[in-house]
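Here are the chains, one letter per residue:
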2 protein chains.
Amino acid sequence: MTKERLYLYDTTLRDGQQTQGVQFSTSEKQRIAVALDELGIDYIEGGWPGANPTDSDFFDAAPKVRATMTAFGMTKRAGRSAANDDVLAAVMNAGTPAVCLVGKSHDFHVTTALGITLDENIENIRASIEHIVASGREALFDAEHFFDGYKSNPEFTLNAIRAAYDAGARWIVLCDTNGGTLPQEVKDIIGAVIAAGIPGSHLGIHTHDDTGHAVANSLAAVDAGVRQIQGTLNGLGERCGNANLTTIIPTLLLKEPYKSAYDTGIPAEKLESIRKLSRLLDEILNRVPAKQAPYVGASAFAHKAGLHASAILKDPSTYEHVDPALVGNSRIIPMSNQAGQSNLRRRLADAGFDVDPKDPALPRLLDEIKEREARGFSYDTAQASFELLAREVLYTPRPFFDVDRYRVITERRRNAKGEVISVSEAVVSVWIGTQRVTSFYENDGADQFEDAGPVNALSKALAKDLGPYQSIIEDMELVDFKVRITNGGTEAVTRVIIDSEDTSGRRWSTVGVSANIIDASFDALIDAVNWKLVQDGAVAV
Amino acid sequence: MTKERLYLYDTTLRDGQQTQGVQFSTSEKQRIAVALDELGIDYIEGGWPGANPTDSDFFDAAPKVRATMTAFGMTKRAGRSAANDDVLAAVMNAGTPAVCLVGKSHDFHVTTALGITLDENIENIRASIEHIVASGREALFDAEHFFDGYKSNPEFTLNAIRAAYDAGARWIVLCDTNGGTLPQEVKDIIGAVIAAGIPGSHLGIHTHDDTGHAVANSLAAVDAGVRQIQGTLNGLGERCGNANLTTIIPTLLLKEPYKSAYDTGIPAEKLESIRKLSRLLDEILNRVPAKQAPYVGASAFAHKAGLHASAILKDPSTYEHVDPALVGNSRIIPMSNQAGQSNLRRRLADAGFDVDPKDPALPRLLDEIKEREARGFSYDTAQASFELLAREVLYTPRPFFDVDRYRVITERRRNAKGEVISVSEAVVSVWIGTQRVTSFYENDGADQFEDAGPVNALSKALAKDLGPYQSIIEDMELVDFKVRITNGGTEAVTRVIIDSEDTSGRRWSTVGVSANIIDASFDALIDAVNWKLVQDGAVAV
């Protein structure tokens, strides 16, 4: 059976940038564009040149991609020709192989927002698309508010898109701009469009998630004959976001009927990289990854219920609709009050611990974990702390070092020149075997690129002289920390999760809990150091 | 036109508790149950008594509700009668008006996970439901893995649910347990079930979001004839979560065809409380609210694009599919590089500032905001800091006080008894008019319920003696802080957002940015104090 071609169009860099709190730098856009291209996306909408300084810069130095790089803009305004519209000219000047212009296809918007006649609007569409086609580029028309427009005035809306089609547009993209259309309406209206003479091969769909139907509407549109899907990574976008390509792509490649019916241009083996691509975006934007995101979320394959966990151990397909490895994810059996020993044994096995199922230390470890979680600890993400705790309860190893005390001072004052400066200094004393080593670290605020914080000062003091272990910890770096106030029994406590990295590229998470944020951070730091010492085979003196 | 009754069944307290990282206390369950009842939910699934200590406690003291309180459990095991199954007995002993039992309806699970014959399984279902009905309670049967089961062995699956129906179950709930079914399959299979003799009036739907279709599948099921929807608040649940009632309920009440066709039992005016209910759950679980959640998310009605913002100002329905006020939400025009002055003017107007559109301070304020955002500040959520900045640029008011310096020391050491303690002390010096006031605050770790952290010590020192302003700030409390490492130009900086509350119930957010977390926290604290002074009419000395 020959598969039909289904095209994927990513607008993370343009519509995604309209998300509250999101602002890409030019270099970040380049990184994302390259990653999208590596996945196998057909179209990359890079931005709106002229409207946004970073967008113009991006197109000036756009990376070479196999995908069709596309510049976004809007149809020419009334009262001037397409060639004389300066806003359109800036879009054309980006020199991309494709240009996508948004234009009004809802009569209410033409009369209220633009204040022109319906005929003028259709002429604006026709002339703009013709202008692109005449310049030898591929033309796409984003029919704004298409479904609302069709419900309000089907004749005008069809005329609007017909104008673009007749002018030579390769794609007419039907946009559910307000996100308020439901799947059955999407199917019915697309059926009417195809019946009116615009073939599905030239139709695209662009949805928003305001009713939680962005993904469903996109697939419903494909069911109805549309052959291009527009969306963003991680469902980024205005208000509730665009259609989530991170969710749609695995469904197209792994689930029937799409798997057998369509060729998305994305090779099956590339699908494994989709989780990393999702995280890359989160990392660039410094956004907390959505734990429960379909396919790529940290919890997407996390089986908590005791019943589920035991069934999974017998046969994963009992509770998983797809194999997590296909999307670069993995199965998790987290710790919780509902977890029995089977969960724990599984997690230990995954971490490389070889434990006798009858080992009496196992119930002790489970109790220790539950007791700590009740106090505010969370071992779901702090995998390195989990491993250290397991090691401690199971093997009671000799500690590498013991912290005797620490003190950290943070101060804001004026320096000799009268300038306001912030400084931190830390003193840490540890016992290594029978030796007591005290280290001091001070950031005096002179080097503006040095992190002047107390946690960093502690981290630097701790790592300044760890005696025989020094060479092992020298390339460690604190790269992120997250702080939450949470419940630890009867009072609120602070939970700190620290991410560390070393030059081998390893990244590990550790947790600390205390009413005192510095204390919690310090404990997480100690765990981070100890984990690296274990991993790199240090021997306790 | 008479509306058909559509029943809503909430399983936040049971299936929602299977979310990674979620654990309800008994009192938290009670709060949520009462709130669900106030909204008008028909069924509240309180938990699995006997399987979970907090669940048993909850049912022992279940709040009085108009909703049908329901206990969850599983069908009896093979080899014993329903009356002699101790697990089932614990569920019955909760004494609820309704009992919902999950049972296998997928042949693969019966043979692989349970290891019994298909006939034994059907008998387990029949006998368990009969047992509930005989005790005078309402019986519900959760047909686990129903859709996969139907695809695998339609005869067995139909027999399984028919057994429950014939035994007197009020509801047969078709569960997409793995979350892998798509909307068209849901419709087709439900059509077959109804054709086989189980009426839609007795059918329920229970979906999961593993392909992003939980909401779409639920509504597709209703379209196909089902009359009960099971879901959770905020889409809580195992893996990718259950069907999100916070998304479904507004759609049922506000969007056609559901609005005209169905009566959900939720009065229209109650819908306004749905956003608060969503936040209540996030607050109880100490989860970051999903900004982009449909209807209730902070960004759900946030219009960032300059084009959208100007159109909205002319007529909100241009870019909103429903009026945000109907769901207790509000329109936001956030600051960003794409915002023009229209966005800023709108936000100032919303905050109560009366500014002349031609005021030259407006472009200065916009530049100040953009420059600070480039340095790492975020004014999207730190509304109080935004208002203070606006006040400063627009009116250059005399400051209430000036910080001269601060110093905070955090220490972990042993006390006189040899116990390890963590202590923090802070000294803060401020100028109030011509007076310099220095305050000291020390937490010596003796009172284990006192927050021993450095940020709290600073906060207490700052608030110890603010001279003429003391009475105004006395009831202020630091209730939450969030820390992120983010980009501030060329280097990483720490952004701290602090939430404060006072006895009037007001809650406000302020932001601070620095490479030093204490410094960033301190700046956010200063803003928090200043905001309260402004709000409560303090006069600068």
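Computed from a prediction, not measured in an experiment: that's the story for all the values here. (Residues numbered from 1 in each chain as written. Chains lettered and ligands numbered in written order. Predicted model: local features only at pLDDT ≥ 70, side-chain atom pairs only at ≥ 80, totals over all residues. Heavy atoms only, no water.)

Draft legend 1. Local environment of the side chain of Asp502(B). Residues and elements named next belong to chain B. Among the structural elements, Asp502 can be located in the loop between β15 (491-501) and β16 (507-514). Separated by 2.7 Å, the side chains of Asp502 and Ser504 make a polar contact. Of note is the side chain of Asp502, whose polar atom sits 2.8 Å from the side chain of Arg506. Setting aside residues no more than four positions away along its own chain, Asp502 makes contact with Asp475, Met476, Trp508 and Lys532. (Helix = DSSP H or I, 4+ residues; strand = E, 2+ residues; numbered from the N terminus. Polar contact = N/O pair within 3.5 Å; in protein donor to acceptor, adjacent residues only side chain to side chain. Contact = heavy atoms within 4.5 Å.)

Draft legend 2. Quick look at the pattern of salt bridges. Inspection of every chain in the model, using the stated rule, returns 58 salt bridges over all chains. With its nearest N and O atoms 3.9 Å apart, the salt bridge here joins Lys187(A) to Asp223(A). With a gap of 36 residues between them, Lys187(A) in helix α8 (residues 183-195) and Asp223(A) in helix α9 (residues 214-223) connect regions that are remote in the sequence. By relative accessible area, which is 39% here, Asp223(A) ends up partly exposed. With its nearest N and O atoms 2.7 Å apart, the salt bridge here joins Arg5(B) to Asp42(B). With Arg5(B) in strand β1 (residues 4-5) and Asp42(B) in the loop between α1 (26-39) and β3 (43-47), this pair connects stretches of sequence that are 37 residues apart. Because the salt bridges share partners, they merge into one network encompassing Asp475(A), Asp502(A), Arg506(A), Lys532(A) and Asp536(A). (Salt bridge = Lys/Arg side-chain N within 4 Å of Asp/Glu carboxyl O. Buried < 20%, exposed > 50% of the residue type's maximum accessible area, 1.4 Å probe, protein only.)

Draft legend 3. Looking closely at the sheet that holds strand β12 (residues 420-432) of chain A. Read across the sheet, six strands follow the order β13(A)-β12(A)-β11(A)-β11(B)-β12(B)-β13(B) without closing on themselves; strand pairing throughout is antiparallel. Edge positions in the sheet fall to β13 (435-443) of chain A together with β13 (435-443) of chain B, since each of these pairs with one other strand and no more. Across the sheet, the mean angle from the axis of one strand to that of its neighbour is 10°, orientation sign disregarded. Taken together, the twelve bridges between strand β11 (residues 402-414) of chain A and β12(A) define a ladder with antiparallel strand orientation. Bridge pairing in β12(A) places Val403(A) opposite Val430(A). Of the strands in this sheet, β11 and β12 of chain A together with β11 (402-414) and β12 (420-432) of chain B are in contact with helix α19 (residues 517-535) of chain A, which crosses β11(A) at around 130°. In this fold helix α17 (residues 454-462) of chain B packs onto β11, β12 and β13 of chain B, with an angle of close to 35° to the strand it touches most, β12(B). (Pairing = 2+ DSSP bridges. Axes fitted to C-alpha atoms, helices over the stretch in contact; angles between N-to-C directions.)

Draft legend 4. Local environment of the domain arrangement of chain A. Domain assignment breaks chain A into domain 1 (4-266), domain 2 (306-389) and domain 3 (402-535). Between the C-alpha centres of domain 1 of chain A and domain 3 of chain A the distance comes to 48 Å. (Domains from an automatic or database assignment.)

Draft legend 5. Quick peek at the packing of aromatic side chains. Counted according to the given criterion, the structure contains 24 aromatic pairs over all chains. Both rings, one in Phe400(A) and one in Tyr469(A), keep their centres 5.6 Å apart while their planes meet at 75°; by these two values the pair is edge-to-face. Of this pair, Phe400(A) sits in the loop between α16 (383-395) and β11 while Tyr469(A) sits in the loop between α17 (454-462) and α18 (470-473); the two residues are 69 residues apart in sequence, bridging distant segments of the chain. Like Phe400(A), the residue Tyr469(A) is buried in the burial classification. A centroid spacing of 5.3 Å and a plane angle of 70° characterise the contact between Phe58(B) and Phe59(B), whose relative ring orientation is edge-to-face. Assigned by exposure class, Phe58(B) and Phe59(B) land together as buried. Members of the aromatic cluster, joined through ring pairs, are Phe146(A), Phe147(A) and Tyr150(A). Between the NZ or CZ atom of Arg5(B) and the centre of the ring of Tyr7(B), over which it lies, the distance is 4.6 Å. It is Lys29(B) that lies over the ring of Phe58(B); its NZ or CZ is 5.9 Å from the centre. (Phe/Tyr/Trp six-rings, centres within 6.5 Å; stacked < 30°, edge-to-face > 60°. Lys NZ or Arg CZ within 6 Å of the ring centre and 35° of its normal.)

Draft legend 6. Molecular detail of the nonpolar core. Ranked by internal contacts, the top residues of the largest apolar core, which has 96 residues, are Ile161(B), Ile229(B) and Ile249(B). Apart from the residues lying within four places of it in its own chain, the contact partners of Ile229(B) are Leu6(B), Tyr7(B), Leu8(B), Tyr9(B), Ile205(B), Ser218(B), Leu219(B), Val222(B), Leu245(B), Ile248(B) and Leu252(B). Listed in part, the 95 residues of the second largest apolar core include Val91(A), Trp171(A), Ile172(A) and Ile248(A). (Core = buried A, V, L, I, M, F, W, Y, C linked by side-chain atoms within 4.5 Å.)

Draft legend 7. Highlighting empty space enclosed by the protein. Residues and elements named next belong to chain A. Applying the stated rule across the entire model yields three cavities of 30 Å³ or more. Considering only enclosed or pocket space, the largest cavity measures out at about 40 Å³ in volume. Contributing to the lining of the largest cavity are Val428, Val430, Val437, Ser439, Ala461, Leu462, Asp465 and Leu466. Every element with two or more residues in the lining of the largest cavity is listed here: β12, β13 and α17. Split by residue class, the lining of the largest cavity holds six nonpolar, one polar and one charged. (1 Å grid on protein atoms, 1.4 Å probe; cavity = no way out; pocket = protein on both sides within 12 Å on 5 of 7 lines; lining within 4 Å. Points joined across faces, edges and corners; volume = space filled by probe spheres on them. Nonpolar A, V, L, I, M, F, W, Y, C, P; charged D, E, K, R; others polar.)

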